[in-house]
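# What the coordinates show
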Amino acid sequence: MFHQLLTPVGGSLGLSFLVAAIPIMIVLLMLGVLKRPAWQSSLAALAAALVIAIWVWQLPVKLALLSTANGVAFALWPIMWIVFAALTLYNVAVQSGRFDAFRRWILAHLPDDRRIILIVIGYGFGALLEGVTGFGAPVAICASLLIMLGFKAVDAVVYALLFNTAPVAFGSLGIPITTLAGVTGLPADALGAMVGRQLPIFAFLLPFYVIAMYGGLRSVKALFPVILVAGGAFAGVQFVTSNLVSYVLTDVLAALSCLVATVLFLRVWKPVPDPEFAVVVGSSEGIHTDHGAIAPWQGWLPWLIMCAVVILWTIFKLAGMGQMNIQWPGLHNQVFITLYEKPYAAIWSFQPLATGTAVMVTAILTAGAVGMGVTGFFKAVALAFHQVLLPTLTVTAIVGLAFLMNFSGMNYTLGLGVASAGMFFPLVSAFLGWLAVFLSGSDSSGNALFGNLQVVAANKLGFDPVLMAATNSSGGVFAKMISPQNIATGVAVSGLKGQEGKIFSRTFLHSVLLTVLLGILVFLQQHVWPWMIPPH
């Protein structure tokens, strides 16, 4: 059995921390400075991590390759399966004319103002998609719709990424919270309530922040009433649902409340027309616009079917049926986690009926409902396969990197370094979650990686474990906008393949700023406002 080394570089935690961070710095440098494609950045970081893990952390070559392969398997199923299914549904909607019908519904029911559209689609509709699917699919779908409505492709992806933050911790019907409870042993309801006392603050401020980015402060002033309604509806319901109802339904109810409240409010209030932000629909190349006879309301059909299917899937617990927990040969319990003093269980949970399967069933039902036929459906499947090829290379490389850094001990060295901040740990706790999600692309995976480390550090330092564990999930949401996995999926249908670096450079500083603000909030919740921590 291989025992992980925590300070392999001269017995120094500081030096070991710096060396362990090299693969992450490679991704940041290649994406943000050199503007290289995400797949190149991820592969370069993986290659560097293999060398460091084997030669510095002394991980046997066989275990290094097996841990990377374990990560690749997880990347393919369930992550890319969900993305593939969501893109198939998207293609069904496009080819059947329902996506264009959705565009026409928006143009008919919303003011002629791209800023309003950004709030409704990027914020409300994106949160609804995140609530039932997640894993980057909401960014791809929302960005594509924004492009159809006159947004520049880069702007569409950037703003979809920025909005894909507030709902992430409760995404996929609360899977990140469920995962966090599983690895920490803390009550899931208390963790959900704690996250629900952090993220609603940011959820409320987020539309103000993004509209200020897009149109300046004058746009915030011009749209203040509707921003207040949208942000207030989402944040308010997010808080109430996570604390008083169920964290599982938090995103769905918050997003639906936001959409309904915003659309109804716009029936009685409209912004002063501004020609600068008028909707100018450009080329519709690749979009079927010859379905004018289709009623605009049918544009909602694919997404309503998806919500119904995924919610029923969860209620009847179909995802767990037929689940196979496969112990990865040659890797399971062959690594000893020094920090936690226990063997590393390498188990790949293969769920044939995972959420991705629910979304694929949605695509099949939608194709049947709109009369596409078998040929039309498989055309949508084939196009989705083509769309996910390059993102799959990126995702398998970055998740393989994350698993390699986990099994080698590099990630635990990074976590131990951050946890050594003493009384200032609450300030930097959010960056542990941020780091984990940047690497894995998933809040659930980030919680599985560092959730328990947060609890260990909290107990050692005398801090509240529920607060610190919840902060891991809350901090992770702000890394979604810079995760290579999320960016790669976002550009899959926007014609921006190879330009991930340009998008990364526009979201990075916002990601860091929001995480710093969360750290300040957590510091205050621990030391000044402990009444904000739910009883547990």
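About the criteria used
- Residues numbered from 1 in each chain as written.
- Predicted model: local features only at pLDDT ≥ 70, side-chain atom pairs only at ≥ 80, totals over all residues.
- Heavy atoms only, no water.
- Buried < 20%, exposed > 50% of the residue type's maximum accessible area, 1.4 Å probe, protein only.
- Helix = DSSP H or I, 4+ residues; strand = E, 2+ residues; numbered from the N terminus.
- Pairing = 2+ DSSP bridges.
- Expected span 1.5 Å × (residues − 1).
- Bend = angle between axes of the 7 residues up to and from the residue.
- Contact = heavy atoms within 4.5 Å.
- pLDDT = per-residue confidence, 0-100.
- 1 Å grid on protein atoms, 1.4 Å probe; cavity = no way out; pocket = protein on both sides within 12 Å on 5 of 7 lines; lining within 4 Å.
- Points joined across faces, edges and corners; volume = space filled by probe spheres on them.
- Nonpolar A, V, L, I, M, F, W, Y, C, P; charged D, E, K, R; others polar.
- Phe/Tyr/Trp six-rings, centres within 6.5 Å; stacked < 30°, edge-to-face > 60°.
- Salt bridge = Lys/Arg side-chain N within 4 Å of Asp/Glu carboxyl O.

On to the pairing of strand β5 (residues 347-350). The alternating pattern of β5 places W348 and F350 on a buried face, while none of I347 and S349, on the opposite face, is buried. As defined by bridge partners, strand β2 (residues 324-327) adjoins β5 across four bridges and the pair is classed as antiparallel. Across the sheet, I326 pairs through a bridge with W348, a residue of β5.

Moving on, we come to the sheet that holds strand β4 (residues 342-343). Reading across the sheet, the three strands line up as β1-β3-β4 and stay open at both edges, with mixed pairing between neighbours. The sheet is open, and its two borders are formed by β1 (2-3) and β4, each paired with just one other strand. Pairing geometry for β1 and strand β3 (residues 335-337), over two bridges, is parallel. Looking at the pairing, H3 lines up with F336 of β3.

The end-to-end C-alpha separation of helix α11 (residues 199-215) is 24 Å, in line with the 24 Å expected for 17 residues at 1.5 Å each. At L205, α11 shows its largest kink, close to 35°, and the proline P207 lies no more than four residues downstream. Within α11, the full set of buried residues consists of L199, P200, F202, A203, L206, P207, F208, V210, I211, Y214 and G215. The positive-phi residue at the C-terminal boundary of α11 is G216, with phi of around 85°.

Under the 1.5 Å per step criterion, the end-to-end length of helix α16 (residues 355-369) is 21 Å for 15 residues, consistent within 8% with the ideal 21 Å. Listing the buried residues of α16 in full gives T355, G356, T357, A358, V359, M360, T362, A363, T366 and A367. Tucked into the core, α16 has its buried residues touching α4 (61-95), α6 (114-132), α9 (171-184), α15 (301-315) and α17 (373-408). Two residues or fewer after α16 comes G371, characterised by a positive phi angle close to 70°.

Turning our attention to the confidence of the model for the protein. When pLDDT is averaged across the protein, the result is 91; 98% of the residues are at 70 or more. Residue range residues 283-288 is modelled with pLDDT below 50. Its contacts to residues more than four positions away, or to other chains, number eight contacts.

All right, on to the layout of surface pockets then. In this structure, the largest pocket occupies an estimated 1500 Å³ of space. Lining the largest pocket we find 48 residues, and of these F74, T179, S349, S444 and A448 sit closest to its centre. Elements that contribute at least two residues to the lining of the largest pocket include exactly α4, α9, α15, β4, β5, α17, α19 (425-440) and α20 (443-461). A total of six residues in the lining of the largest pocket trace back to one element, the largest contributor, which is α9. Within the lining of the largest pocket, the residues separate by chemical class into 31 nonpolar, 15 polar and two charged.

A few words on unusual backbone geometry. In this structure, P78 follows W77 across a cis peptide bond, with omega equal to 25°. Assignment of secondary structure puts P78 in helix α4. Located in the positive-phi region is N333, a residue other than glycine, with phi close to 60°. Within the secondary structure layout, N333 lies in the loop between β2 and β3. The residue E341 is not glycine, and still its phi comes out positive at about 55°. Here E341 shows up in the loop between β3 and β4.

Quick look at the packing of aromatic side chains now. All told, the structure shown has 30 aromatic pairs when counted by the stated rule. On the basis of an interplanar angle of 10° and a centroid distance of 6.4 Å, the ring pair of F424 and F523 is categorised as stacked. Taken together, the residues F424 in the loop between α18 (410-419) and α19 and F523 in helix α23 (residues 500-527) connect sequence positions 99 residues apart. Given the relative accessible area of 43%, F424 is considered partly exposed. For F523, a relative accessible area of 19% translates into the label buried. Ring centres 5.6 Å apart and planes at 65° place the aromatic pair F431 and W434 in the edge-to-face group. Here W434 and F431 lie together in helix α19, a separation of three residues that amounts to about one turn. Connected via pairs of aromatic rings, a cluster forms that spans Y90, F99, F102, W105, F125, W300 and W303.

In this structure the tally under the stated criterion is six salt bridges. A salt bridge links R103 to D100, with the shortest nitrogen-to-oxygen separation between them at 2.7 Å. Highlighted residues: R103 and D100, both in helix α5 (residues 98-109), separated by three residues, approximately one helical turn. We note that R103, like D100, is buried. For the salt bridge of R506 with D155, the shortest nitrogen-to-oxygen distance reads 2.9 Å. With R506 in helix α23 and D155 in helix α8 (residues 153-163), this residue pair connects regions lying 351 residues apart in the sequence. Note on D155: relative accessible area 16%, which makes it buried.

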